[in-house]
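# Close look at the chain arrangement
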Amino acid sequence: MQKPAGFSLVLYTGMTVVTLLYISLGTVGYMCFGKFIAGSITLNLPNCCHRWKIIVELVMKAVLVIFTCALAVLIPELDLVISLVGSVSSSFLALIFPPLLELLSFHTEGVSPLVVIKNVAISVVGLVGFITGTYVAIEEIVARTSK
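The paragraphs below set out a description of the structure included in this document. (Residues numbered from 1 in each chain as written. Predicted model: local features only at pLDDT ≥ 70, side-chain atom pairs only at ≥ 80, totals over all residues. Heavy atoms only, no water.)

## Topic: helix H4 (residues 113-145)
- Here H4 contains 33 residues, and its C-alpha end-to-end distance of 47 Å stays within 8% of the 48 Å for a straight helix at 1.5 Å per residue.
- Tucked inside the fold, the buried residues of H4 contact helix H3 (78-106). (Helix = DSSP H or I, 4+ residues; strand = E, 2+ residues; numbered from the N terminus. Expected span 1.5 Å × (residues − 1). Contact = heavy atoms within 4.5 Å.)

So, in structure tokens, the structure goes:
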């Protein structure tokens, strides 16, 4: 941490946000279900696939554990993979998908040309970041594994 003195502010801000989220979810849950609310609000939701729930959970857990073990065995240097995953997913989730989704969602309502230019520019910046980040990450993986 570069500025340890600022940790208190970050901690208090984070805890305040989480507390407000819990309070708002609890309030909305109580307003929806009243005194019949269960310990977890998800228990009040309808249960249409109960018989498959345990089987699906066990299969997903097994697949995730096997996948994680395979990655740990096959990739001795995880920092490179984290760099690759970050460059791919971060640019798509933060810069490429949101502007494109906005254009697709509101195209029937008539999006102004300025909004289209803005969204295309943001997506292009995200695409450049995706390409360069992925290239650098793959180059580092190849360089380190070829030694």
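Structure shown, so let's carry the discussion forward.
## Quick look at the packing of aromatic side chains
- A complete count under the given rule lists two aromatic pairs for this structure.
- Pairing Phe-92 with Phe-97 gives two aromatic rings, centres 5.4 Å apart and planes at 40°, and the pair type is tilted.
- With a centroid separation of 4.8 Å and 65° between ring planes, the pair formed by Phe-92 and Phe-130 is classed as edge-to-face. Here the residue Phe-92 occupies a position in helix H3, and Phe-130 occupies one in helix H4, the gap between them amounting to 38 residues. (Phe/Tyr/Trp six-rings, centres within 6.5 Å; stacked < 30°, edge-to-face > 60°.)

## A look at the packing of H3 against H4
- Axis separation between H3 and H4 bottoms out at 8 Å; the angle between their running directions is 170°. As summarised for this structure, H3 and H4 are arranged roughly antiparallel, according to the angle between their axes. Like other packed secondary-structure pairs, H3 and H4 cross with a definite hand, here left-handed.
- Its residues assigned to classes, the contact of H3 with H4 comprises 17 nonpolar, eight polar and five charged. (Axes fitted to C-alpha atoms, helices over the stretch in contact; angles between N-to-C directions. Parallel < 35°, antiparallel > 145°, perpendicular 65-115°, else oblique. Left-handed = near helix turned anticlockwise from the far one by under 90°. Nonpolar A, V, L, I, M, F, W, Y, C, P; charged D, E, K, R; others polar.)

## Focus: the environment of Gly-14
- Mapping Gly-14 onto the fold places it in helix H1 (residues 7-33).
- On the basis of relative accessible area, Gly-14 is assigned to the partly exposed category, the value being 29%.
- Taking the C-alpha atoms as reference points, Gly-14 and Leu-103, 89 residues apart in sequence, are found 32 Å from one another. (Buried < 20%, exposed > 50% of the residue type's maximum accessible area, 1.4 Å probe, protein only.)

## Examining the environment of Pro-46
- Summarising the element assignment, Pro-46 is placed in the loop between H1 and helix H2 (50-74).
- Using a relative accessible area of 75% as the deciding quantity, one classes Pro-46 as exposed.
- Along the sequence, Pro-46 and Pro-98 sit 52 residues apart, while their C-alpha atoms lie 31 Å from each other.

## Some details on the pattern of salt bridges
- With the rule as written, the count across this model stands at two salt bridges.
- With a shortest N-O distance of 3.3 Å, Arg-144 and Asp-79 are connected by a salt bridge. Linking Arg-144 in helix H4 with Asp-79 in helix H3, this pair joins segments that are 65 residues apart in sequence.
- Assessed through its relative accessible area of 35%, Arg-144 is described here as partly exposed.
- Here Lys-118 makes a salt bridge to Glu-102, at a shortest N to O gap of 3.8 Å. (Salt bridge = Lys/Arg side-chain N within 4 Å of Asp/Glu carboxyl O.)

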